[in-house]
Amino acid sequence: MSLQLQARLKTASTEYQKIQADLSNAVEARQRLDAQLAENDLVKKEFAQLAPDNMVYKQIGPVLVKQDQAEAKSNVETRLEYIKGEIKRVEAQLQDIQSKSENKKNELVEMQAALQQAAQQTLPAGPSLPSVGA
């Protein structure tokens, strides 16, 4: 019984570690998306200040290529919508992973308690010590 419980505990512990790694990856993805969102919001604000006759350039590799201002604004809007959609997707993924993590953590606590209880039940009663006052 105890060996079987230990094996299940080890498997659950490995699964918990994998869930924690997935959670860490999702948090990193969320942080990258936040940075991209902030950057694109800044670009959108800069575009709002442009006069219609201002030139807009797009970097393609090491070269700056002239780009239509309306097209550039449209590209930024499209990127913003995409990033917001990705943030929603990653948020849902984070909630799912956090839920799995909590469930697995509770499962581990229950297994550890059962293992400790099984260990206490299998310990032989040791010799009784004489009382100090005797």
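Residues numbered from 1 in each chain as written. Predicted model: local features only at pLDDT ≥ 70, side-chain atom pairs only at ≥ 80, totals over all residues. Heavy atoms only, no water.

Participant: Would you mind going over the UniProt feature "coiled-coil region" (unreviewed entry) in the chain with me for this structure?
Facilitator: Residues annotated by UniProt as "coiled-coil region" (unreviewed entry) correspond here to residues 9–46 and 73–121. Here residues 9–46 runs as 100% helix and 0% strand, with 55 Å between its end C-alpha atoms. Counted over residues 73–121, helix gives 100% and strand 0%. Its end C-alpha atoms are 71 Å apart. (UniProt positions renumbered as here; feature names shortened; annotations may be inferred. Helix = DSSP H or I, 4+ residues; strand = E, 2+ residues; numbered from the N terminus.)

Participant: What is the right way to look at helix α1 (residues 2–48) in this model?
Facilitator: Residues three or four positions apart in an α-helix share a direction because the helix packs 3.6 residues into each turn. The terminal C-alpha atoms of α1 lie 68 Å apart, and with 47 residues this matches the ideal 69 Å at 1.5 Å per residue to within 8%. Turning to α1, its buried residues number three or more, namely Leu5, Leu9, Ala12, Ile19, Leu23, Ala26, Ala29, Arg30, Leu33, Leu37, Asn40 and Phe47. Against β1 (56–60) and α2 (69–122) lie the buried residues of α1. (Expected span 1.5 Å × (residues − 1). Buried < 20%, exposed > 50% of the residue type's maximum accessible area, 1.4 Å probe, protein only. Contact = heavy atoms within 4.5 Å.)

Participant: Help me understand the side chain of Glu86 in this model?
Facilitator: Tracing the backbone through its elements, the reader meets Glu86 in helix α2. Side-chain polar atoms of Glu86 contact the side chain of Arg89, separated by 3.0 Å. (Polar contact = N/O pair within 3.5 Å; in protein donor to acceptor, adjacent residues only side chain to side chain.)

Participant: Hey, could you run me through the environment of Ala26 in this one?
Facilitator: Topologically, Ala26 is positioned in helix α1. For Ala26 and Asn54, which are 28 residues apart along the polypeptide, the C-alpha to C-alpha distance reads 40 Å. The residues touching Ala26, leaving out its near neighbours within four places in the chain, are Val90, Leu94 and Ile97.

Participant: Sorry, what's going on with the confidence of the model for the chain here?
Facilitator: In low-pLDDT segments, the atomic positions of the prediction should not be examined closely. Confidence in the prediction of the chain, expressed as mean pLDDT, is 90, and 90% of residues score 70 or more. Ranking the elements of the chain by mean pLDDT puts α2 last with 93 and strand β2 (residues 63–67) first with 96. (pLDDT = per-residue confidence, 0-100.)

Participant: How should the side chain of Gln69 be read in this particular structure?
Facilitator: Along the chain, Gln69 falls in helix α2. Using a relative accessible area of 13% as the deciding quantity, one classes Gln69 as buried. A distance of 3.1 Å separates a polar atom in the side chain of Gln69 from the backbone oxygen of Asn54.

Participant: Help me understand the pattern of salt bridges in this model?
Facilitator: Any two side chains of opposite charge can pair, on the condition that their charged atoms come close. In this structure the tally under the stated criterion is eight salt bridges. Put simply, Arg30 and Asp34 hold a salt bridge, and the shortest N to O gap is 2.2 Å. One end of the pair, Arg30, and the other, Asp34, are both in helix α1, four residues apart, so they sit about a helical turn from each other. The salt bridge involving Lys44 is made with Glu77; its shortest N-O contact spans 3.1 Å. (Salt bridge = Lys/Arg side-chain N within 4 Å of Asp/Glu carboxyl O.)

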